[in-house]
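Observations on chain architecture
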Amino acid sequence: MAVAGNTLLHVEHLTMRFGGLVAVDDLSFDVNEGEITALIGPNGAGKTTVFNCITGFYHPSEGRLGLRHGDAAAWDMLDALTDSGARYRSQRGGTLFLLERMPDYLITHQARVARTFQNIRLFPGMTVLENLLVAQHNRLMRASGYTLFGILGLSSYGAAERAAIDKARAWLERVGLLDRADDPAGELPYGAQRRLEIARAMCTDPVLLCLDEPAAGLNPRESAELNELLLSIRADRGTSVLLIEHDMSVVMEISDHVIVLDYGVKIADGPPRAVRDDAKVIAAYLGVADEEEVAEVEAEVG
Amino acid sequence: MSASGDRAGEQPRAPRGPAGPIPAARAIDRLASSVREAAITAALAFGLFLPLIGFETVTNMRNEVTLKTRWPLLFAITAAVAIGRLAYMLTLGPALGRRRLRAAPAPSAWRARAGGLFVPFAIALVVLYPALVIVLNGSSGALKWIDNFGIQILIYVMLGWGLNIVVGLAGLLDLGYVAFYAVGAYSYALLAKTFGLAFWILLPLAGILASFWGILLGFPVLRLRGDYLAIVTLAFGEIIRIVLVNWVDLTNGYAGIGGIPRPTFFGIPFNAGDDGFAAVFGLEFSPLHRTIFLYYIILALALLTAYVTVRLRRLPVGRAWEALREDEIACRSLGINTTNTKLTAFAMGAMFAGFAGSFFAARQGFISPESFTFIESATILSIVVLGGMGSQIGVAIAAVIMIGGTEIMRELDFLKDIFGQTFDPTQYRMLFFGLAMVVIMVVRPRGLISRREPSVFLRERKTISADLVKEGRG
Amino acid sequence: MEVFLQQLINGVTLGSIYGLIAIGYTMVFGIIGMVNFAHGDVFMVSAFVALIAFLVLTAWAGISSIPIALLIVLAAAMFFTSLVNWVIERVAYRPLRGSFRLAPLISAIGMSILLSNFVQVTQGPRNKSIPPMVQGEIVLYRHNDYPVTLSYKQLIIWFVTAALLVSFWYLVARTKLGRAQRACEQDQKMAALLGVDVDRTISMTFVIAAALAAVAGTMYLMYYGVVSFSDGFVPGVKAFTAAVLGGIGSLPGAVVGGLLIGLIETFWSAYFSIDYKDVAAFSVLAITLIFLPQGLFGRPDVEKV
């Protein structure tokens, strides 16, 4: 099967079973490079399970999750890589990863997929700055000669740490948390914690940023700020974004592409406007296809 | 025991406004309820102590167990508990209750400044300690104070700091830490006796061997969490001890290994001979020389542990340990290899235990499995937790209180004048040790110093309150 | 074959004692999620109470009927040990409920040190041995002069354990207290909102755990005829192993785990090396936790991402 050139993440026949329960059933979709893709669906549709498969926290029961770095021609290696049993393969200017074969930390470290969590997972007892430095662990670890040079106090590590702090400072400025840099993360208000978690994920330099309900619990103003932040992340760095969201104002306003899940099955896939008018989607959200209620939903999402 | 019984069901009383009863009636009311409370406590204490204090099992000449009674003691203890409870209810209880309702006061500027001076002052004190003791007690009395107090406490400070890396920073609960201490001690003893290698060569070697064992034992258990990890590490600790007991060919079993070479002053032995330390330096021979030398070795080792830990906390690996304690899943989502990170914490902690172990063997000249029982692990862990997990100053203070406190019970000979010549205060050492563990935990569940100092800051270093710092699940 | 049968009988007897202690670990862990480190020492205290009660009855009260004496000893041990455990929970664990997770564990370790040293100080450090309470045995089968025997005391242990397990099962499965316990295990806050007295339920859990440990302590004293202040730690760890092996939180698991540990230890001593019998138990603990952390009957603990 040919994969389109601008595809960044190619999910194919993804199935996740927990005992007898099929949480995700034969799901296939693509995330395009430089786009914001939204994964929506009613509660319990299996959205977070898809995230957990992509980021390696679950090992899918079946399916293939390809991720490309660099040259689009890398997709030509997909079948060869699958047959080889390796985790990734490089050629000329491109590398192809099979995420289902990688442990979670390598997905972030090598395949450069970062994520946030539905129930925010910061390091509450560490400062905001420390949170962002932990996100740059692997680079700093190399710079500290895997601790050895660092213990001896060699200057190369000092320079790397300063660079890491500068990067953290830049992100803090961007999410408006610079003056809280030395406060413990657990003391921040809820909306700020959400922004910090995004900044922390961005400090790992991802090509794909996966956000699990980033607007949950935010007020309308904070929601609007979030939209701006995500759009600017994409604009400045070309980072692709995959997000799970219930807040339709976020989904409709910023996403380029929407995928709808219901009971682990994909029921719609396309641009936001088309998905919004899809009868199956409306039925899934309401449970019935009642004309009146459909109209209500349309009013709400529009 | 019952005296500190907290009536958990008791709600804070309604505010006493002008509508409340008149003061005299209130005082009588309070007295009555206190007396009732004290009577209940007395009845409980009586029941609690009736079998074990009321009766004493005595083995007679024919090796039969017979009973003796101790009614006066039982009644005295019951009365003491009742009076203590009554006094608590009438004086301290209400005051403590009120204090608990108020928020903790913010540390004052004076205290912050004193805190900054504390570390240099404490280091100066421990460096000058032997001289101080000699001045105060004369050279004959000083031996005990340097050896039993100074060296003994410093060993536990070092072990506490080593375990603090594993428990306090990485949040991994290790109840078998003594195993690595044993590995260090036996490595030194066996290698020094078999190959005649010097202390300074074997010290790092013992540390490396112990950290190797740390990785070996750590690897299979690191996916376990919390109490389970604690129990498996306990099991490993016990397995190593049982092997030491039973592998008689290597370890000489319960009899232990004696005649372990003592450290020399860079090749000059501490003996009364012509090439001994005293003769070379033109001093009169005294066993104190070696003790003072040992004191400075363990002081240097302990300070090394503290220094390395302080450095590590500011390096990515140290931050990753703390992040691991805060949230392991978030660490994985940030590309941190949590297995390796945990293993480095285990290995690092084990290495310092190995250093301490080889020092212990060199200081004692004799080791046996008796020195490496579970109680040792529990002691070290309790020092870490009582001190406040992660806080090096807290750990040091806890070691001084717990080890110094139990050692000082050996010195309380004047109690014999009160309780009679058969009274032996040393018997009560571990009893009070256990009691202190319970009491400190109940009073300060997060330990003596529970605030966290950030490892890096942009503008100002702000201490982080203990309520935010997680304790780790692993 | 004869050796095997004899060891089977011995192993089941030892396993019954472990199982009774293991229930205490499993119940307390189930309801407040803490490893009650002092439970082994509570067991040791109960054996001392039984010893003293036995001496009071035989030497002072002059009761010569062993069955009556045994019953009274059992009742006394259960009563006083329950009281001890009730006070321990009240004083050392309840103030720490809901705080820092390590605090109750350290408090329990402190309590364990306190209990064993309290007994050492008050009763002396020596082993206390009593003349056999129950003598006699049934020869089940004899082959080549090797008799396979079942002693009366083993029979008593089997019978008492079985009877207690049945009544205990009834208590947990059929009574209001049992229902409250199961509710608190699931969700303490919700249980409290629905009118369950959580404090009382937890207190009662400690009382029941201590009562079962006291039965084990009495049986232990009767079986071995000797007890010392340091006898709490190793049986405690083994019973905890049993609880983990059976799946911590599962009551039938604790009993099955206890029997398995008893059998493993007995057969290991008989066929391999008696010196390393504790290693066998500890290895089982480590292996179970590493490869089957949920135990035989436990629910798997899945961490939600």
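Residues numbered from 1 in each chain as written. Chains lettered and ligands numbered in written order. Predicted model: local features only at pLDDT ≥ 70, side-chain atom pairs only at ≥ 80, totals over all residues. Heavy atoms only, no water.

**Re the interface of chain C and chain B**
Every contact between the two is made by 68 residues of chain C and, on the other side, 70 residues of chain B. When chain C packs against chain B, close to 6400 Å² is buried across both sides, 74% of that on carbon and sulfur atoms. At the junction of chain C with chain B, the criterion picks out zero salt bridges. For the interface between chain C and chain B, the tally reads five residue pairs in polar contact (both at pLDDT 80 or more). Of all elements in the fold, only α2 (39–60), α3 (66–93), α4 (102–123), β1 (128–129), α9 (233–246) and α11 (277–291) of chain C reach the threshold of two or more residues within the side of chain C that touches chain B. Sorting elements by how many residues they give to the side of chain C that touches chain B places α4(C) first, with 16 residues. (Contact = heavy atoms within 4.5 Å. Buried area = accessible area lost by both parts, 1.4 Å probe. Salt bridge = Lys/Arg side-chain N within 4 Å of Asp/Glu carboxyl O. Polar contact = N/O pair within 3.5 Å; in protein donor to acceptor, adjacent residues only side chain to side chain. Helix = DSSP H or I, 4+ residues; strand = E, 2+ residues; numbered from the N terminus.)

**Comments concerning helix α12 (residues 338–364) of chain B**
Residues and elements named next belong to chain B. For α12, which comprises 27 residues, the first-to-last C-alpha distance of 39 Å matches the rise-based estimate of 39 Å (1.5 Å per residue) to within 8%. Across the 27 residues that make up α12, a large majority, 22, are buried. Downstream of α12 by a residue or two, G365 has a phi angle that is positive, lying close to 75 degrees. (Expected span 1.5 Å × (residues − 1). Buried < 20%, exposed > 50% of the residue type's maximum accessible area, 1.4 Å probe, protein only.)

**Digging into the interface of chain A and chain B**
The interface of chain A with chain B comprises 42 residues on the first partner and 35 residues on the second. Of the roughly 3500 Å² buried between chain A and chain B, counting both surfaces, carbon and sulfur atoms make up 65%. The largest per-residue losses of area from chain A upon contact with chain B belong to Y105(A), I151(A) and D182(A), which jointly make up 17% of the total buried on that side. Linking chain A to chain B there are five salt bridges. Here R452(B) makes a salt bridge to E130(A), at a shortest N to O gap of 2.9 Å. Our count for the contact surface shared by chain A and chain B stands at 14 residue pairs in polar contact (both at pLDDT 80 or more). Here the residues of the side of chain A that touches chain B sort into 19 nonpolar, 12 polar and 11 charged. (Nonpolar A, V, L, I, M, F, W, Y, C, P; charged D, E, K, R; others polar.)

**Things to note about the side chain of T59(B)**
Looking at where T59(B) falls in the secondary structure, it is placed in strand β1 (residues 55–59). Since its relative accessible area comes to 18%, T59(B) is described here as buried. Leaving out residues up to four positions away in the same chain, T59(B) has contacts with E64(B), V65(B), R126(C), N127(C) and K128(C).

**A short note on the domain arrangement of chain A**
Residues and elements named next belong to chain A. Domain parsing of chain A yields domain 1 (1–112 + 207–302) and domain 2 (119–204). Once you take the C-alpha centre of each, domain 1 and domain 2 turn out to be 27 Å apart. Taken together, the contact between domain 1 and domain 2 spans 20 residues of the former and 13 residues of the latter. By the criterion of area lost to domain 2, the three top residues of domain 1 are H109, L229 and R237, representing 32% of everything that side buries. (Domains from an automatic or database assignment.)

**Section: the pairing of strand β3 (residues 36–40) of chain A**
Residues and elements named next belong to chain A. Counting buried positions along β3 yields five of five residues, so the element is predominantly enclosed. Residues I36, A38 and I40 of β3 are buried on one face, and the alternating residues T37 and L39, pointing to the opposite face, are buried as well. Of the strand pairs in this sheet, β3 and strand β10 (residues 257–262) are connected by four bridges, and their pairing is parallel. Within β10, the residue paired with I40 across the bridge is V260. (Pairing = 2+ DSSP bridges.)

**Regarding the pairing of strand β11 (residues 265–270) of chain A**
All names here are of chain A. Bridge count for β10 against β11 is five bridges, and the pairing is antiparallel. By the bridge assignment, I259 is partnered in β11 with D269. With antiparallel pairing between neighbouring strands as the criterion, β10 and β11 make up a hairpin whose turn holds two residues, including Y263 at a positive phi of roughly 50 degrees.

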